Every structure is written in structure tokens, then in C-alpha cells.
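Structure at a glance
If you want the building blocks of each chain, they are given just below.
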Amino acid sequence: MRVVAVAFYACALGLLAMGLRELLSGFEENRCSMTYMFEYPEYRRVLLPRRVSRLYPAYGLYLYGEGQYAQETHTLKLSGTPVLFLPGNAGSYKQARSLGSVALRKAEALEGGLHLNVFTVDFNEELVALYGGSLRRQTLFLHESIKAILRLYKHREAPPHSVVLVGHSMGGVVARALFTLPRFSPALVSLILTLASPHQAPPLSLDTQLLEFYSAVRQRWVDRGDDLRNVTVLSIGGGYRDYQVRSGLTALPCVTDDPSKLSLVVTAVPRTWVSTDHLSIVWCKELVLASVRALFDLIDPQSGQFSEDPERRMAVLNHHFIRHPVHMLNEPQEAPFSFSGSPDVWSEVNTLRLAYTAPKEGQVKYFLFALSSRRKAYSHFYCRSTSLEMTSWVYGCTQRNGSMCVQAVDLSSGTELLPAYKVLILRLRDMSAVSHLVVGASNLNGKQFTVECEWQREESQTISVSVPHVLSFGMTASDATVNSSGLLHIIELKHFHQVYQAFRINVVSHCKVAKDRLPNVYRMKVPWFREDSLTTSSVPSVTELSAMLHTSRPDNTSGVLLQLHTAPNCQYKVSVRTSFPRVLGQVLRVCGQVLPVYTAVALLLACRGQLSSIIRTGGSLEMSQAVEGGLQPHKVDLPIYLLLLLLRQSWFQEGWSALCLPPVDALPSTSPDGSSHTAPPDEWPRLLAPLLYVLGAAVAFWGSTVLRLSIHLLSLLLAPLHRPSVSQDCGTLRLRTQLLLILSLSVLGGTSCGALSITASFLLHLYRVLKLQMTERSLSHMLNLAPQKQREQENGSTDVKPHATPKECNGAPLLSECVLQGVRSDLQLHLSLSALFTVPLMLSAPSLLHWARSLRYSTQLDPDPCWPHTVPLLIANVLLVNCDVVKLSNSKLLPLTSYFLLPISIAMVTFSPLHLYRVTYFLSAALPLLAMSCFV
């Protein structure tokens, strides 16, 4: 059975490793270009009022500069447009150099003296994603920084009235939190640009302050956000390379019909089309260029400041981050358009397709397509060009003169930019006032390019393919063959709408005639969220696409579409298979935060197994056997399923509310707006909970194994420093010493950091485990060296059972098998307790790190999420040092304690998946009861 158990947990660990590998490295390499500074960057500190400096000694405000610009602004008399960069979790204020440097280079190429003054805030690289106590303080300092920045422009005749905020990671959340301050005027900030900011929820909920902060921000922007409609917010997610903040969390939780809020993934941004990790999104040149272009287009040339018109701001953001058409959205266009030139430059196209390559010599060229004979037979007109200059190139002719068009309207505003070419798709039923379509193919600058156009039928270019089931493990495939007589084909992937689904899509292109063709562009289009991904491949080729989702479908919108921009007269074979490793990666990406809960449950049930063994046999189990028994999903998940069924009844919900019980924690929301979306298929909740339990139990099993081996190795290293001992009471403390330690650690936690007291109590218990390990080795060696007859004489009897329990060995000589068995039994018990103690230790580690990094500014952590809630845990840690198997076997409270641990485990899974800090609360309730069992 041990071999089977080890093999099972080895397989579970393999699944976890497979999922982690896909999560951390199962994507393309970083294709972002690095941004470089052309001159040495300088950060000039902006002096703040003495009151502000005294309240926030760890924070600072700086102005970014380089070279001559840095010298010109040393007096801080500024004439540009203010932009303030906010770093995120453990982020440096120097991360603003990419934005600032590119903005300086952009300003040098412009006329009129328009430029940006890029400021940056130093938040002391605080771990605000893991410790929420500093978020409020950062928000207040940000308010003071904005007021200080605007004061620098008071000398100007028309000073700016607002500041644009660019926030990375938690900096974007802090930017939105500004509007929760009672004295903050929303007019001070008109535009917020966030990069990889988890707006929906924190990646890990390790303290109450973090969730309370999020709740206040959400309430301000959703429930009472009507006065914020004039504030424009753009949120950009990093894609699958960002495993720290999944892009589903970057969607803005706001009113659905709010036109001033925009959420997207960086893979869908025109001229970017790359996925970024959590840090590279700050310096990715492709994205920084798009951001800087947008910021300069937002400046009103008349005032030299950012536009105060919300519609204008959204038009600019849509232009640079959504579609990138020829004309700015809402920009007035000249109509009608008049053509000039001789009839020789005009060619009428009577075929179904046009393929034209411009010569090297510059010339004027127009192609004319008659609509009269095509309206009934075709639904769309598709045209693409490798000339990526975003100028007008397709027109609708309204007046002809022979074979040439005299007047026309510009139809180019619908142009969309793809990595290899620009594309325009026109719907013919919208062209009732147009007689002909005109495609401009002039190359006055002498640059060669290719133009391809064709008439299309919508019904003939769309194919529906049902994706394989998620549990097909890649054994089955859904295939489709496209005989590409056209330039665009669409494959609708039916039943693909949940984040836990992941597929490998192979597209094989084959052409009978070998000739130069434009490259293929494969686009995965998600209708309910702007998370499109694009892939370019040559012709012919074999291309593998990764099909995954950042968000689940919130309603009954259409499914995911695979657009194939293909070469004509080629064949394309599309094969869709489930990728089980990527499914595991998606599960960890969305639900990985639940694993610590199941790990704690497995360790708690392992301690329950130890107590049950002591009750039955009077001795403890091997630590590995106890952790093996912690895998009890039927005892934990079935009551939760029953509870969820009861909560669907109104009478039970009323009783639940009357008891003031918190709502049950479900799986993390994956809809774009963060609300409860359409119920997923039945297998989604039913299959994930046992899988997560198995993965959490594997972490508990192998983590406890590593702990046991570490204790063994550490005891070998420390053995020369300690005298050999054969007493079962090694490492124990007097009651007076225990009380003194409890008092001292309580005072230490109250005056400095609660996590420090938890760490000290853990080390104290670890010392007891080390002493037991060294005593067990000493006894074992002595018994092996002593002759058998001498041991029988010293023992006085040979009637001792070979596997006697510690209780049965009471009164045996110090050098005996009974004492050795008792030490081993105590060692296994305390190893199980130490493994359980590591859970609150790791959950409180961020608070300890934050306190240590801020020690030079304050010796006390305020607020402290670990204090005073963990005082019972602290007391239990110290009291359990003296606990042993004999005391527990004589305890009258032990059966009740053993029974009580299972309901605590069930409650932990019920209420902790979205509130990880509650795990420590439940352990603080369970361990004191165990400590009492040693005395009662």
C-alpha cells in the first residue's frame, strides 16, 4: 500500500509540475523590443510640503529627465503636459524611464513645443499585492503628489487642471482608489492608463485590508460611479506570458454601458500583437510607442494640455488600441472626394479577384469594381494591401465619367491593420448609394506593394467545428478542410467558451503551384472580450496555434472565431485537439490560489489521523502515513455539495443570513465584468474540486517529506553542538518558561509585527523536533552498540512487546526499545504538527517581509493583519512544545478534538478559497483545542 500511495502522489506531483510548466513557460518567447535611453536618465526629486514629508517619509515624487531636457527642468519650471507613473507591487519608480525616454524622443520630432513632463512616484517598493495595509497610505500620498505637480505649473497663463495617470500592476488599482477619498476632486484626473493591473480582485487575498480596499474601490466605481463617467480608463492585460496577474483580472469592473471604460489584452493592440510578462509590459517598445502616440494625440494643440472631451479621449484610445483605422474615429472627413488625372490610370476589374503588384517606378493607379452585377450574388467585398501606410485607399464612386470615377466617398475608415497587411471588409448592403468601388494602388514614392481584392459570400466562407471535450486528452480531433478559393475563411469553434478549455490547433497549408504569395494571418477572435491573438505564417507551412481564453463567455454571445486570412488556390487542413497540459495550466492560472487551502486541509486531516491512531493504539503513525490519510475528498467535498444544494432553497438562505454567516466562497469569477455569469457545465465545479484537492494533498505529502528530510539533515549538522540525550523530555520547557515565552512573544508581536512572533514560535517548536530527532538517533546508536545480554540485564525482563506503545512502556529503563519507540512516536507527532505550522508561517510571510523592509521608518507594522487574530495560534505553538503521545493518550478531550478537526476542514474549504487569510483563523481555532488536550 505504501508503494501505491507513493506512486499516486508522484503522479499527482507530475500533474502539478506539468501544469506549472505550462503556466510559467508554455508560451512563445518574449517578442517585445527593448526600449533604450539615448542619454543618461535622471530623476529629480520634487520637494513636497513638510507635512507630507513627515507623514510619508518612505515615499517620494520625482521628475524624469535626460540630457539637455534634464538641465532645462532643474528649476522645475515646467511647460509641458503632466503624466504621472505609478509603480506596482515591489515596483521601482525608475520603471518610468521607458515611458519618459520615448516621450522625449517623440517630442523632438514634433513642432510647436508639445511635450510631456513624466513624473514618477517612489512607493518604497512595497509588497502591496500581498500586504494591503499600505494601499490606503499610497492613495493618500498620490493625492498629495497630484496637488504638488499641479502647483509646479502655477506660473503659466493657462496651467493644466488635471494629470494623466499611468499605473503598473497595483499602481493602476491605487489610481482608481483616488476617487474613494472624500476630499479628492475627480477633475484632477481625466485619464487613467493601467498596465497589468488586477482590477477584478487581488491575485492572492492574504489579509482583510486588501479585500476591504478592493471592496471600497469597486463600490465607488460600480455602485456609485455615475459621476465618474467623464473619467476615461484604459486597462491593458499582459496575456499568457503574465502568470502573476492573469489578464482576466485586468478587466474593469464597471457599469456595462459605460462608454468611457475600455479593457483589452496587449495581444489585440495594433502594431503590438505580442504577449508581455508582468515586468516587460512596462518597457515593451511596441506597447510604449502606442501609449506615447495616444498621449500626444490626446493633447489639444490650442491649449497644449490633454483634451477635456471624453468622446475625443475615447476616439483616440480606440484608434491606437482597438482598430487603428485610416481616420481617427469621430474625425470629420472630407466628402465628396474628387479624382483628377487621365483615363489611362484607371482599370475596370470584371473578374472575381484582383491580384496586383505595384512596379518599382512611381505611378498613379486606380481599379474600378462594378457593384450592379455583384449585389445579389455576393455579400462582402474584401481587400488587403501590404502598403501599411494608413491613408485613404478604398472609395465608393458616386459619379462617373466614362471609365473613370469623378467623385467618390472615402470608405477607408473601416480599415484594420494586421501584422502582414491592412484589410478592409465592406458589406454590400450598406453600399446602396455607390455604383462602383475604387481601390487606389498608386505608389508615388516608388515603394513596391501588393493589393488583393475579391467578392465574397458570407455563408460559403464560414465553417462550424465542434471542439473536442476537455477530457478527451487529445485522443480525438475535430478536423476541417478549407479549399481556399478565397482570401478569408472563418471557422466557428462551437462549445469553446470556458477558461478551463485549452486546445492545440494545427493549420497545414498546401499549394499545388509554387509561387510567391502573401503570408497567412490566423486570428483567434473572442467576441465578448478584446483578447484576440494573431499569428503569421508563410505559405505553405505547418502552424500550431494555442487556443485558450482569459475570460469565460458571460452570456449567449457567439463562440470563438478562427479567422484565416489565406492565400488563394491553396488547401488548408485545420485540426483541433484538446491539450491536457494546457488545461492543467489554465486550471492553475485561474484556481491556483485555492491550492494552499487544500494543502492546509490535507495537513489538518493528517493531524486528525495521528490523533485517531493515538486513541486506537496509544501510538502515532509515521508522518508519511498520516499525510497519506489526509486525502479524504469524500468527507470534505460531499458536505459542501450538499450545502450548495441547500443554499438554492430560499428558506435555507434566510436561515443562513439570520445566523450572519458569510457567503460561501465559489471558484474565482472568470467573466469579463467579474459578475456571476451563466452557470458553467456540470463538470466544471464537479471535476475541479477533487482535482484541486489531489494537487493540494500532493503538495502536503511531498512538502512534509521535504520537511522530514530537512529536519534529519539539520539534526546531523547540529549534533556536534549538542550533548547526546536519551530522555523523552528533550527540548521541553517548564510551565513557567512557557508562560514567560507566551507573554514575551505577545508583547513582541504587539509592538513590532505579529508575523515575527509566529515565526519565533515556529522556530521554538522546530527546536523541539530537532531535539527529538537527535535523541532518536542517539538511542538507536546506543541500543545497536549494547550487547543483547547486557540490554536484557539492564531492562530486567525480556517480556516487553517488540511494538509496545509509549503508554505500555511507562516506567521502562532509559536505554530500552520502549523508550526508543516512545521517542519515535513523539517525533512523528511533532513532525506532523510542524508541517501544519508552516501554513500560517507562509501566509504571514508577506507581512514579515514588508515590516523588515520598512524597519528604518517604523518599528511597528501598522496595520498588522496578523495581530491580534493569531494570538491563540501563538499560544498553541508554545504549549504544544511539551505535548507528547502519553499525555494525549490519557486526555479526555482528545476524542472531541479529533472529531472537531473534520468540521473545521470543511469550513476551511467552504469559506477560504477567495479569502486565504481565513485559513490562519481556522487553524487558530483548531490548534488551541489540541493544546488543551495535552492538559485535560
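Located above this text is the structure these notes cover.
Residues numbered from 1 in each chain as written. Predicted model: local features only at pLDDT ≥ 70, side-chain atom pairs only at ≥ 80, totals over all residues. Heavy atoms only, no water.

1. Section: the pattern of salt bridges
The full count for this structure, using the stated rule, is 20 salt bridges. Measuring nitrogen to oxygen at the nearest pair gives 3.3 Å for the salt bridge that ties Arg353 to Glu454. Of this pair, Arg353 sits in strand E11 (residues 353–357) while Glu454 sits in strand E19 (residues 450–456), and the two are 101 residues apart along the sequence. In this structure, Glu452 and Arg384 form a salt bridge, with 2.7 Å as the shortest nitrogen-oxygen distance. (Salt bridge = Lys/Arg side-chain N within 4 Å of Asp/Glu carboxyl O. Helix = DSSP H or I, 4+ residues; strand = E, 2+ residues; numbered from the N terminus.)

2. Describing the sheet that holds strand E27 (residues 560–565)
Reading across the sheet, the five strands line up as E20-E22-E27-E24-E25 and stay open at both edges, with mixed pairing between neighbours. Where the open sheet ends on each side, the last strands, each with one partner, are strand E20 (462–466) and strand E25 (533–537). Direction aside, neighbouring strands of the sheet carry axes that sit 20° apart on average. One ladder, built from six bridges, connects strand E22 (residues 488–494) with E27; its direction is antiparallel. (Pairing = 2+ DSSP bridges. Axes fitted to C-alpha atoms, helices over the stretch in contact; angles between N-to-C directions.)

3. Some points on the sheet that holds strand E12 (residues 366–370)
Strands sit in the order E9-E15-E14-E18-E12-E10 across an open sheet of six strands; the sheet is mixed. In the strand order of this sheet, the two ends are held by strand E9 (337–338) and strand E10 (346–349), each with one partner. Two elements, strand E14 (residues 394–401) and strand E15 (residues 404–410), share six bridges in a ladder whose sense is antiparallel. Note on E15: the bridge partner recorded for Arg400 is Cys405.

4. Things to note about the state of the cysteines
Tallying each qualifying case throughout the model produces five disulfides. Paired by a disulfide, Cys383 and Cys453 hold their sulfur atoms 1.8 Å apart. Taken as a pair, Cys383 in strand E13 (residues 380–385) and Cys453 in strand E19 lie far apart in primary sequence, 70 residues in all. Each member of the pair, Cys383 together with Cys453, is buried. Note on cysteine connectivity: Cys511 is disulfide-linked to Cys570, with sulfurs 2.0 Å apart. Residues Cys511 and Cys570 are joined by a disulfide whose S-S torsion is about 100°; by sign, that bridge is right-handed. Taken as a pair, Cys511 in strand E23 (residues 502–511) and Cys570 in strand E28 (residues 570–578) lie far apart in primary sequence, 59 residues in all. (Disulfide = S-S within 2.5 Å. Buried < 20%, exposed > 50% of the residue type's maximum accessible area, 1.4 Å probe, protein only.)

5. Quick notes on the environment of Val594
If you trace the backbone, Val594 turns up in the loop between helix H11 (580–591) and helix H12 (595–617). Taking the C-alpha atoms as reference points, Val594 and Ala689, separated by 95 residues in sequence, lie 9.5 Å from one another. Among residues more than four places away in sequence, those in contact with Val594 are Leu692 and Pro913. (Contact = heavy atoms within 4.5 Å.)

6. Quick notes on the environment of Leu249
Tracing the backbone through its elements, the reader meets Leu249 in the loop between strand E7 (232–237) and strand E8 (261–265). For the pair Leu249 and Gln461, spaced 212 residues apart in sequence, the C-alpha to C-alpha distance is 35 Å. Setting aside residues up to four positions removed in sequence, Leu249 forms contacts with Ser197, Pro198, His199, Gln200, Ala201 and Pro203.

7. Notes on the packing of helix H5 (residues 135–151) against helix H6 (residues 170–177)
Geometry of a packed helix pair, given as the angle between the helix axes and the separation of the axes. Packing of H5 against H6 leaves a shortest axis separation of 9 Å and a crossing angle of 65°. Helix-helix and strand crossings are classified by hand; for H5 and H6 the assignment is right-handed. Where H5 abuts H6, its residues Leu135, Gln138, Thr139 and Leu142 lie against Met170, Val174, Ala175 and Ala177. In terms of residue class, the contact of H5 with H6 is made up of six nonpolar, two polar and no charged. (Left-handed = near helix turned anticlockwise from the far one by under 90°. Nonpolar A, V, L, I, M, F, W, Y, C, P; charged D, E, K, R; others polar.)

8. Details of unusual backbone geometry
Cis geometry marks the peptide bond from Asp862 to Pro863; its omega dihedral reads -5°. With respect to the secondary-structure elements, Pro863 resides in the loop between helix H21 (845–853) and helix H22 (871–879). Look at Leu76: it is not a glycine, yet its phi comes out positive at around 65°. Mapped onto the elements of the fold, Leu76 is located in the loop between helix H3 (67–72) and strand E3 (81–86). Located in the positive-phi region is Ser169, a residue other than glycine, with phi close to 55°. Relative to the helices and strands, Ser169 resides in the loop between strand E5 (164–168) and H6. We classify Ser169 as buried; its relative accessible area is 2%.

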